[in-house]
Amino acid sequence: MLSVAIASLLAVATLVLVTGLGWRIARYTATPVPLAIPTMPAPLTRAGAAARVGREVVLFESLFGADKLLWLAAMLFHVGLLLVLLRHLRYVFPTPPLLIVFVQPFGKLGALAMMAGALLLLARRLVLPPVRFISRPSDVAMLLLLLAIGATGLAMTYFVHTDIIGLKQFLAGLPLLELRPLPDDPMLALHLGLAAALLIVLPFSKLLHIPGVFFSPTRNQADDSRDRRRVAPWARKLDEARHG
Amino acid sequence: MADFAVPVLADDFELASPPALAPDAMAHCQPFRAQPAHNRALGFPGELVPDWEARAVARLGELLERSRALRVYLDSCVKCGACADKCHFFIGTGDPKNMPVARQDLLRSVYRRHFTTAGKLLGGWVGARDLDEALLQDWYTYFHQCSQCRRCSVFCPFGIDTAEISMAAREIMDSIGLGQKYCNEIIGKVHTVGNNLGLPGPALANTLEGLEEDVLDDTGIAVKFPLDVAGADVLLVTPSADFFAEPHVDGLIGYAKVFHQAGVSWTLSSYASEAANFAMFIGSYEQMHKIAMRIRKAAIDLGVKRIIFGECGHAWRVAYAFLNTLAGPWDFLDPRYPVPQHILEFTNGLIESGGIRLDKDANAGMCVTFHDSCNVARASRMGDRPGGQFAIPRAVIQAAVPRFVDMHPDTINARTFCCGGGGGLLTDDLIELRVKGAKPRMEALKQVVTDHGVTHMAAICAICKTQFAKVLPYYGFEMDMVVSLHQLVGRAIRLGDGA
């Protein structure tokens, strides 16, 4: 029964994530950028602009200039989360690639870093008056959700070990639309349920900053406006009227 | 002097404490609303329309289709607060709605409510709100407490630019008949007369003749201020404040002397007698386009080969970043020169090539610092490499004066603070906001005055110059401490054959 519930939940979550995110990204792509608005100084070439976006994604370059403690918390959380996700790949590969084997111990460290980062972010949100002022219940709820996912995962890593072989078999069956039993472990069910909730929430929440950073014109535009015109489709009529 | 408390300046910029939150401290401060005639002249409803809420939401929907930046920025904010203490208006007022993220949220809440699933289902839990009268009031107040200076966008991890949001909000307000008097009245004047000041052609010609006489008396050299001269090489487009305001006009005299000494023929246009394009402030692409087209027409009618812009911040943003899109292509101009050029690119090139020579002794006793204008620093460039907008003005100042000192690194270059009067806020009905918003700049200035004996601050924007001339005295400085950059050049340049 639980297997059915979790399997369906994961299927729904994947569907919602893929269609929801795909739809948002399609909207972003379809919407024109009518004018050049890179935050200057900006790279002169598109390759340079792509590198700038890369630095924002990997190094959080702008945030580093804004607030070192916040940067540290964000780095701890995001790098930790990345390591944790990489570590999780061993649950979906029958025989994990070498890289995934290599990353396993770092994944455990990553989990701790991710929790520390999320706790720092939560503390800031609850304590600093400016951040309190701009926080809504969903901002706190999002951090609590991430902390709960991390806590249930850590509990299984360190205290109440779950049946990994059984879990791998369950997961391996999903893409084949084959229902294999999920190990009977409430902690595992909770962990998977919360993770599914996160995937469902993602396309409808501020987690849209994940695709957003790639689509941000102030970061991804090159500084080439004296050489290149960029008339948006909706502005063409205006543009043509004067040439005519 | 003022019926509000002028902020107290810290001695050291780094020791200035972040403001304590003072909720609604600036809720009373808002600009005059536009008269129905001013709104209608721009094609907006004269007065607030009865079904304003529905029409505002509909207009927001249209803008979301038109601008990826708006859509992405309304979605992406994680409320991290990195921007919070970066805004001069928050630093100067402590009003939490002047934190960039909180300002954005005034619009984002309506976006959440009407355009997102989460907002429709969960309302206030995810920060969604209906656009009611109280919120519209906050829109009018706080979107007119943003100078669209983009400093927040430097620090945002996603590059969210509050200027894009406040421009959209102002455009929505215009579309429901809630315009701002200062901007809309001025835009109307540009359409009818050709410049922000409403200075008609004959008056302009008269003013320029007067300047020619002044310079002749002063130097013995017949420096021309040509107007509507067909066939000139250069069309100079400059903010109309340059025609008479202080210290702006001294900058215009500087440009004229540079052209004279370089032997380059140039002309002003009575039709395009304005570099400023206030339509950017109200977020209207159509109005911005209409104003930009005056420059194209003037360039064609006069048959010039190049277009050069005078000292003006947002005008240079529109010129550098938007003009090619709005009014290009410029294939009828001389392809050897970028279109448009900044007067500082022109002057700097002449200094480097030896085409003009400056004599620093003419500015003896001056110790000068430089205020980077927000729109030049963060929305444009000069020269052929990134950051030229910082290097070129400094190089020209250093060639013209004996001593130059920069202000605190967190207050210059890309991190410069707005003067406090940009973005369509340079009006006396907002004087409290303007004085308070100048606080971080005044703090950094005070530090170099105390530590290095700085005597003058050079600016390259008509708004900055007017704003500083007005607010410097509130902080105990002389109003003529602010100078035009080309004022320094104009004093230092060697005129005549002996140069």
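Residues numbered from 1 in each chain as written. Chains lettered and ligands numbered in written order. Predicted model: local features only at pLDDT ≥ 70, side-chain atom pairs only at ≥ 80, totals over all residues.

Undergrad: Summarise the overall build of chain B; cite the residues concerned and give the values.
TA: For chain B, the helix and strand inventory stands at 21 helices and eight strands. The C-alpha atoms of chain B give 23 Å as radius of gyration, which agrees with the globular expectation for 499 residues (23 Å, within 12%). Viewed in the frame of its principal axes, chain B has a C-alpha envelope of about 75 × 50 × 40 Å. Per-residue burial over chain B gives 61% buried out of 499 residues. The contacts of chain B with a sequence gap of at least 6 include a subset with a gap of at least 24, amounting to 79%. (Helix = DSSP H or I, 4+ residues; strand = E, 2+ residues; numbered from the N terminus. Rg over C-alpha atoms; globule rule 2.2 N^0.38 Å. Buried ≥ 20, exposed ≤ 12 C-beta atoms within 10 Å, placed from the backbone. Contact = placed C-beta atoms within 7 Å.)

Undergrad: Quick one: what's the story with unusual backbone geometry, residue by residue and with numbers?
TA: The bulk of non-glycine residues show a negative phi, and the bulk of peptide bonds are trans. All names here are of chain B. Omega for the peptide link from Glu-246 to Pro-247 comes to 5°, which places this bond in the cis form. Inspection of the secondary structure assignment puts Pro-247 in the loop between β1 (234–237) and α12 (248–262). Residues Val-339 and Pro-340 are joined by a peptide bond in cis, for which omega reads -15°. By secondary structure assignment, the location of Pro-340 is in the loop between α14 (313–327) and β4 (341–342). In the Ramachandran plot, Gln-148 falls in the positive-phi region, its phi being about 55° despite a non-glycine side chain. For Gln-148, the location among the structural elements is in the loop between α7 (133–142) and α8 (151–155). Judged by the 26 C-beta atoms lying within 10 Å of it, Gln-148 falls in the buried class.

Undergrad: Go over the domain arrangement of chain B, please, and point to the residues and values.
TA: Residues and elements named next belong to chain B. Split by domain assignment, chain B resolves into domain 1 (13–186) and domain 2 (193–405 + 454–492). A straight line from the C-alpha centre of domain 1 to that of domain 2 covers 31 Å. Listed as interface residues are 13 residues of domain 1 and, on the opposing side, ten residues of domain 2. Among the secondary structure elements, those contributing two or more residues to the side of domain 1 that touches domain 2 are α8, α9 (162–175) and α10 (181–192). Among the elements that take part in the side of domain 1 that touches domain 2, α9 stands out by supplying five residues, more than any other. (Domains from an automatic or database assignment.)

Undergrad: Which residues make up the pairing of β1 of chain B, and what values go with them?
TA: Residue and element names in this part refer to chain B. Side chains Val-234 and Leu-236 project from β1 onto one buried face, and the interleaved Leu-235 and Val-237 project onto a second face that is buried too. With two bridges joining them, β1 and strand β2 (residues 266–267) adopt parallel strand pairing. Its bridge partner lying in β2, Leu-235 is registered against Thr-267. For the segment spanning β1, α12 and β2, crossover handedness is right-handed. (Pairing = 2+ DSSP bridges. Right-handed = clockwise from strand over helix to strand, strands pointing away.)

Undergrad: For the sheet that holds strand β3 (residues 306–309) of chain B, give the residues involved together with the corresponding values.
TA: The strands making up a sheet associate through backbone hydrogen bonding, with each pair oriented either parallel or antiparallel. Here four strands make up an open sheet; going across it, the order is β2-β1-β3-β4 (chain B) and the pairing parallel. Two strands in the sheet have a free side with no partner beyond their single neighbour: β2 and β4 of chain B.

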